Amino acid sequence: MTANFDTTDLPVVSRQSLALAMQLLVDDGQGLIILRGANAADRARLEARFWDAFSGETQEGVATLVRLWSMVDVFQSRRMRQLLLDRGFGLIPAAIAEAARQRINLDWGFNPQRFLMALKSAPRTMRPVPAMAPVAEGIEAYALAA
């Protein structure tokens, strides 16, 4: 049986899957993709690493990557960048939680205003694990706590 995607509303994914994708970016020294955006080479490198590390269903993996790249894209707006600069990378766990569950359209991505409002109302109490060591546990802990 082939599972089809409704391109007007992709399925939700687990925060752990999205945290894994973000962690792979951090491990590769590409954590700043959130601020600078991603080019085709960045996307290809992460996607190859993601499929090596991901052990879930293919449908969830595809939806996870679409949601990750849409999250990166939504952070390219001026207000989202400013929010990230104001709050720091402690905002990433809330962004992961939102990107994992929020409604998304394959053609349009996330609604930037809805994403911004959700992150503005996110608690500021999330703090990074000291020295992010190990980094994998830090981002996963963020994603699970959100």
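Residues numbered from 1 in each chain as written. Predicted model: local features only at pLDDT ≥ 70, side-chain atom pairs only at ≥ 80, totals over all residues. Heavy atoms only, no water.

A. Representation of the nonpolar core. Core analysis: the biggest nonpolar cluster contains 37 residues, and M22, I34, L68, M71, F75, F115 and L119 have the highest contact counts within it. Sorting the residues of this core by element identifies helix 1 (15-27), helix 2 (33-36), helix 3 (40-53), helix 4 (58-74), helix 5 (78-87), helix 6 (92-101) and helix 7 (112-120) as the ones contributing at least two each. Among the elements that take part in this core, helix 4 stands out by supplying seven residues, more than any other. For F75, the contacting residues outside a window of four places in its chain are I34, M80, R81, L84, L91, A95, F115 and L119. (Core = buried A, V, L, I, M, F, W, Y, C linked by side-chain atoms within 4.5 Å. Buried < 20%, exposed > 50% of the residue type's maximum accessible area, 1.4 Å probe, protein only. Helix = DSSP H or I, 4+ residues; strand = E, 2+ residues; numbered from the N terminus. Contact = heavy atoms within 4.5 Å.)

B. Looking closely at the packing of aromatic side chains. In total, this model carries five aromatic pairs according to the counting rule given. Consider the rings of F50 and F54, whose centres lie 4.9 Å apart with planes at 20°: the pair is stacked. Here F50 and F54 have matching classes, each one buried. Ring geometry for F110 versus F115: centroids 5.0 Å apart, planes at 45°, classification tilted. Judged by relative accessible area, F115 falls into the buried class, the value being 0%. Site record: aromatic cluster; members linked through ring pairs are F50, W51 and F54. (Phe/Tyr/Trp six-rings, centres within 6.5 Å; stacked < 30°, edge-to-face > 60°.)

C. Geometry of the packing of helix 1 against helix 4. At a minimum axis distance of 9 Å, the contact between helix 1 and helix 4 shows a crossing angle of 60°. One way to sum up the angle between helix 1 and helix 4 is to call them oblique. The interaxial crossing formed by helix 1 with helix 4 has right-handed handedness. Contacts between helix 1 and helix 4 pair S17, L18, A21, M22 and L25 from the former with E60, T64, R67, L68 and M71 from the latter. Per-class residue counts for the contact of helix 1 with helix 4 are six nonpolar, two polar and two charged. (Axes fitted to C-alpha atoms, helices over the stretch in contact; angles between N-to-C directions. Parallel < 35°, antiparallel > 145°, perpendicular 65-115°, else oblique. Left-handed = near helix turned anticlockwise from the far one by under 90°. Nonpolar A, V, L, I, M, F, W, Y, C, P; charged D, E, K, R; others polar.)

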